Amino acid sequence: MSNNDNKIVTEKLELSTEWDKTFPKSEKVDHSKVTFPNRYGITLAADLYIPKNSKGKLPAIAVSGPFGAVKEQVSGRYAQEMAERGFLTIAFDPSFTGESGGTPRYVASPDINTEDFSAAVDYLLTRDDVNSDRIGIIGICGWGGFAVNAAANDPRIKATLASTMYDMSRVNANGYFDASTPDERHALRERLATQRTADIRNGYYTLGGGVVDPLPADAPQFVKDYYDYYKTARGYHPRSLNSNGGFNATSPIPFINLPLLTYANEIRNAVMLVHGEKAHSLYFSNDTYKKLMENWKPGTPNNKLLYVVPGASHTDLYDEMDVIPFNEIEKFFDEYLK
């Protein structure tokens, strides 16, 4: 064995050359495509946004999410906005999805998706125009949980924002609002095991389905909100899992037994949680904030923040530019990255 046999290799990906985002292109930033590998040998695709006429080494932010979305949707909107505000940013597609590599396609993993954030940090550290001591991340929806998990694991991440976050382990294992019983969890494991058997016999992976379509009349409001974003011109994208066939049906398997956020209380760098007051998912941020604050002692500095946006729903923080508190977000990153 030798190091020369263990080289880091980047796969050549097929990347779109047109502006195919769900939001308008800003004239205040320069945009290009980049790729970089993660620790599992998967090459990730990203959109790079740099403030026009910028000079020197910039603070940088890597962005991803929501869970089942692509960089042409919410993460790109956040990345472009933060570039307008003076940060070098990338919005990347997670492993196995969008324009990123990895087979089989449409897989989710608590480990690999956490690693994707650290791989983005690896990439930013290689750039001559990035201040290597001033790198942060933004995770949206399910990627908010991965972002906090990455911050617990990777002290190179100096500031972390989780917007309208989900804890994907918790919701898969316990259901919404922790309503699932052990018997229901066992039944879920039985269904997933049966699906594994069917997949290997069929020779292909069955998709679990994206956002429900057609929308049932009695669907909960948050499901209607997801439909309004992912299934309409507002946010639909042909590469988005949520807009189309969804993740592989067996993707929940690792989340049930591998909890995220176990060591969130040990994060020493700055973390900001942003959530809507009316969001069905607010309890994820409320409980994560309590976890973040477990080791804080009154009278000592506190770099953990929970910002609740009055009247906002979960998906309002996807693309409602007059609702997303970008001024507060900029203030947070200015303090800990600039």
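Please refer to the structure higher up on the page.
Overview of the structure. Quantities reported herein were computed from a predicted structural model and do not represent experimental measurements. (Residues numbered from 1 in each chain as written. Predicted model: local features only at pLDDT ≥ 70, side-chain atom pairs only at ≥ 80, totals over all residues. Heavy atoms only, no water.)

## Overview of the environment of F326
Link 1 in the chain: Secondary-structure assignment places F326 in helix 10 (residues 326–337).
Link 2 in the chain: Residues F326 and R85 lie 241 residues apart in sequence; the distance between their C-alpha atoms is 9.4 Å.
Link 3 in the chain: Among residues more than four places away in sequence, those in contact with F326 are Y78, E81, M82, R85 and M321. (Helix = DSSP H or I, 4+ residues; strand = E, 2+ residues; numbered from the N terminus. Contact = heavy atoms within 4.5 Å.)

## Some thoughts on the side chain of E72
Link 1 in the chain: Here E72 is to be found in the loop between strand 3 (58–64) and helix 1 (74–84).
Link 2 in the chain: Of the polar contacts made by the side chain of E72, one reaches the side chain of R239; its length is 3.1 Å.
Link 3 in the chain: For E72, the residues in contact, after removing those within four places along its chain, are D20, K21, T22, F23, D47, D93, E99, H237 and R239. (Polar contact = N/O pair within 3.5 Å; in protein donor to acceptor, adjacent residues only side chain to side chain.)

## A look at the pairing of strand 1 (residues 29–37)
Link 1 in the chain: In this structure, strand 1 lies alongside strand 2 (residues 43–51), joined through 9 bridges in antiparallel fashion. Its bridge partner being in strand 2, D30 is matched across the sheet by I50.
Link 2 in the chain: Hairpin remark: strand 1 followed by strand 2, antiparallel, with 5 residues in the connecting loop; positive phi at G41, about 80 degrees. (Pairing = 2+ DSSP bridges.)

## Concerning the nonpolar core
Link 1 in the chain: Y78 and F333 are the most contacted members of the largest nonpolar core, which totals 88 residues.
Link 2 in the chain: Top element by residues in this core is helix 2 (residues 110–125). It accounts for 7 residues.
Link 3 in the chain: Those residues within four positions of Y78 in sequence are excluded, and the remaining contacts are V63, I138, I140, S163, L317, Y318, I324, F326 and I329. (Core = buried A, V, L, I, M, F, W, Y, C linked by side-chain atoms within 4.5 Å. Buried < 20%, exposed > 50% of the residue type's maximum accessible area, 1.4 Å probe, protein only.)

## Some thoughts on helix 3 (residues 142–153)
Link 1 in the chain: Spanning 12 residues, helix 3 covers 17 Å between terminal C-alpha atoms, matching the ideal 16 Å at 1.5 Å per step.
Link 2 in the chain: Burial analysis of helix 3 places 10 of its 12 residues in the buried class, the great majority of the element.
Link 3 in the chain: Those residues of helix 3 that sit buried are G142, W143, G144, G145, F146, A147, V148, N149, A150 and A151. (Expected span 1.5 Å × (residues − 1).)

## What to know about the packing of helix 1 against helix 10
Link 1 in the chain: Two elements in contact, helix 1 and helix 10, have axes whose closest approach is 11 Å; the angle formed by their N-to-C orientations is 65 degrees. Note that helix 1 runs across helix 10; the crossing there is right-handed. Note on element contacts: helix 10 touches helix 1 through F326, I329, E330 and F333, opposite Y78, E81 and M82.
Link 2 in the chain: Residue composition of the contact of helix 1 with helix 10, grouped by class: 5 nonpolar, no polar and 2 charged. (Axes fitted to C-alpha atoms, helices over the stretch in contact; angles between N-to-C directions. Left-handed = near helix turned anticlockwise from the far one by under 90°. Nonpolar A, V, L, I, M, F, W, Y, C, P; charged D, E, K, R; others polar.)

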